[in-house]
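Coordinate analysis (summary)
Each chain, letter by letter, is given below.
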Amino acid sequence: MPMVNPYKPVKAKLKKIVDETPNIKTFTLVLEEQMEFKTGQFVQFTVPEVGEAPFTPSSSPYVKDQMEITIMSAGRVTEAIHSLKEGDTVGIRGPLGKGYPLEEFKGKEVLILGGGVGMAPLRSLLLTLIAQKKDFKRILLLYGAKTPQDIIYKGQFADWRKEGVEIHRSVDNGDEDWKEKVGVVTVLLDDVKLGKEVVIICGPPIMMKFGTLSVLEMGYKPENIYLSMEKNMSCGIGKCGHCALGHYFVCKDGPVFKYSEIKDIEGIWD
Amino acid sequence: METKFISKDKIKQFIDNLEGDVFIPQEKEDFFSWQKYPCNFSLRGFRTILPPKFFFYSPQEVLKEKEIVKRTVVGIKACDLKGVLFLKKVFKEGDFVDPFFRDDILIISSDCTELHKNCFCSLLGDNPYPEKGFDLNLSEVKDGFIVEIGSDRGKKLVEENEGLFSSVEPEGLEERKQRRDALRKEIKGEKIDFDGKEVKSEKITDEIKKCVSCTACTIVCPSCFCFLLDEKSDFEKIRFWDSCQYPGYARVAGGANPRKELDKRFIHRVKCKFEYSPERFGSRGCFGCGRCISGCLGGINFKDVLLRLVEK
């Protein structure tokens, strides 16, 4: 019987690279073997002889022939990824972890709170929700970025609005063309009347922390707050130990957790 | 379990007959070390200076299918056998199975006949003799060994070497019991009840301060399993043992690090062994071999650390 090697990636060709912001790019990949994933599951992106780094695809799981991954240049591996060119071959290992529990969102008002490149996995979620929009009472997206230039998927918000998603955006620092809100993303919570059913948060650690504290204060229940935890996922299969968060391994038990599951663990925001 | 007897003069013959690579403890001045057979060997004493996890889980390995040579490890002591069984749970159970951890190795364990000064298995409620998980276990008695058969592979091995074994007299089993009880009594201290849940780091601040993050405790631990992956060319991976005691172990791109501080890493290790591992794998991750004490550059006595953590 041939060995099943969970450490071996599938080869993928970089079909297209889009500059989203000065330090964020979206990579469209065509995999040699099709890889089905659930929205919210992640993959390991391999650059040969450099390393691997974990990302949640930002494309819809309904799109089978290619996969999009939006990546900020933030470290050794992501810098190498940013220097790749269209036509280069990389590796993709996955899908890993558990996706967003869509069943738990059904029939409810779904609030998505995103910050910066944290919008990447949320885009996949949003596209999935849009594809099944009849199943949800209401879909809202509150998105914040540092400046108007740092907003990713700039041209796509209009399409999502057309699909019935209520969208509010803010930037920490505006410019003369910016007509929307200025301030950290949580200021947008004051602008909308919410049924406080479920909220999904993804963004930089500080935004995750204050986003969570804000929605808790508003009356969201800890078990209805879904957080995408970013820890050092390496093997992705619950063996190597790096992403330990209390007794969980974020790679296999997450990366999406309910706040109620992790609230008592030290260091969740660090 | 079924038992047999093998005399001292026949044990070498039996080991000679084992196929493939055989590793066995050799007695040095005041410790035991693993050697590749044929060599002088000893099945007496206590655990080897390094754990047998090396044989099952390579410290540095390219993760691709390769030829493997049949391997037997003889003389694994009780604590280390528990360590191997723990690692098997980590690597071979769950949604994903690691194909590179070697669970094909034949295990011939043996009873401890004396204690190392840092041993504390009984403090955790364990015994200095193997009770399960071996293919064969050897318990020294006068003139030879009681051989306990723990698996079908062990049984087959005994059958293949039928002429070397004889049946066990009741006095033999009685002698084994007496020897085991006597050694167990030598381990000082009552069993502690520690589940790692309420760890107060203030109780051990002075001990934590001695840690220099050298990671020796994790390297010599029979059950520490953490590893690091690195990328070779052509999408092959290589893995190395890693340690949660390195400051950068849990750091992510962008710099966030949940265990930047020494005390957090130290407590994480304690909780991993006693709180998290039971929840993750259904087994505690410390078996009282005391190697972390022997190996600590800062002179931390982990046995004392545990005793202080359970103090009211």
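Remember, predicted model here, so these are calculated numbers, not experimental data.

1. Some details on the nonpolar core
- Ile112, Val199 and Ile200 of chain A are the most contacted members of the largest nonpolar core, which totals 145 residues.
- The greatest single-element share of this core, amounting to eight residues, is contributed by helix 3 (residues 78–92) of chain B.
- Ignoring anything within four residues of it in the chain, the contact list for valine 199 of chain A reads Leu111, Leu113, Val215, Tyr220, Asn224, Ile225 and Tyr226 of chain A.

2. A short note on the environment of proline 25 of chain B
All names here are of chain B.
- You can see proline 25 is positioned in strand 2 (residues 21–27).
- Taking the C-alpha atoms as reference, proline 25 lies 22 Å from isoleucine 68; in sequence the two are 43 residues apart.
- Ignoring sequence-local partners within four residues, the contact set of proline 25 consists of Phe32, Ser33, Trp34, Phe41, Ser42, Thr48 and Gly75.

3. Notes on the interface of chain B and chain A
- Across the boundary between the two partners, chain B contributes 37 residues, which contact 37 residues of chain A.
- Among the elements of the structure, helix 3, strand 10 (227–231) and helix 8 (262–281) of chain B are those that each provide at least two residues to the side of chain B that touches chain A.
- Taken together, the residues that form the side of chain B that touches chain A break down as 19 nonpolar, four polar and 14 charged.

4. A few points about the domain arrangement of chain A
All names here are of chain A.
- Under the domain assignment, chain A is made up of domain 1 (10–96) and domain 2 (102–228).
- The straight-line distance from the C-alpha centre of domain 1 to that of domain 2 is 23 Å.
- With 15 residues of domain 1 at the contact, the number on the domain 2 side is 13 residues.
- At the level of secondary structure, the elements contributing two or more residues to the side of domain 1 that touches domain 2 comprise strand 1 (10–21) and strand 5 (67–72).
- Class assignment of the residues belonging to the side of domain 1 that touches domain 2 gives a composition of six nonpolar, eight polar and one charged.

5. Some words on the domain arrangement of chain B
Residues and elements named next belong to chain B.
- The domain architecture assigned to chain B consists of domain 1 (3–186) and domain 2 (201–310).
- Facing 26 residues of domain 1, the contacting portion of domain 2 comprises 25 residues.
- Contributions of two or more residues to the side of domain 1 that touches domain 2 are made by strand 4 (60–62) and helix 3.
- With eight residues, helix 3 is the single largest residue contributor to the side of domain 1 that touches domain 2.
- Its residues placed into classes, the side of domain 1 that touches domain 2 shows 14 nonpolar, four polar and eight charged.

6. Here we look at the sheet that holds strand 2 (residues 24–31) of chain A
Residue and element names in this part refer to chain A.
- In space, the six strands of this open sheet follow the order 4-3-6-1-2-5, with antiparallel pairing throughout. The sheet terminates laterally at strand 4 (51–55) and strand 5, the two strands that pair on one side only. Pairs of neighbouring strands in the sheet enclose a mean axial angle of 40°, with direction left out of account.
- In the sheet, strand 2 pairs with strand 5 via six bridges, with the strands oriented antiparallel. From the neighbouring strand, threonine 28 faces strand 5, where its bridge partner is glutamate 68.

7. Things to note about helix 4 (residues 205–218) of chain A
Residues and elements named next belong to chain A.
- With 14 residues, helix 4 should cover 20 Å at 1.5 Å per step; its first-to-last C-alpha distance of 20 Å lies within 8% of that length.
- Every buried residue of helix 4 is listed here: Met207, Met208, Gly211, Thr212, Ser214 and Val215. In a view along the axis of helix 4, the buried residues occupy a sector of 165°, so they form one face of it. Turned more than 90 degrees away from the buried face of helix 4, the exposed residues are Ile206, Leu213 and Glu217.
- In the core, the buried residues of helix 4 are packed alongside strand 7 (109–115), strand 11 (198–202), strand 12 (225–228) and helix 6 (259–262).
- One or two positions beyond helix 4, positive phi appears at glycine 219, with a value near 115°.

About the criteria used
Residues numbered from 1 in each chain as written. Chains lettered and ligands numbered in written order. Predicted model: local features only at pLDDT ≥ 70, side-chain atom pairs only at ≥ 80, totals over all residues. Core = buried A, V, L, I, M, F, W, Y, C linked by C-beta atoms within 7 Å. Buried ≥ 20, exposed ≤ 12 C-beta atoms within 10 Å, placed from the backbone. Helix = DSSP H or I, 4+ residues; strand = E, 2+ residues; numbered from the N terminus. Contact = placed C-beta atoms within 7 Å. Nonpolar A, V, L, I, M, F, W, Y, C, P; charged D, E, K, R; others polar. Domains from an automatic or database assignment. Pairing = 2+ DSSP bridges. Axes fitted to C-alpha atoms, helices over the stretch in contact; angles between N-to-C directions. Expected span 1.5 Å × (residues − 1). Arc of directions from axis to C-beta.

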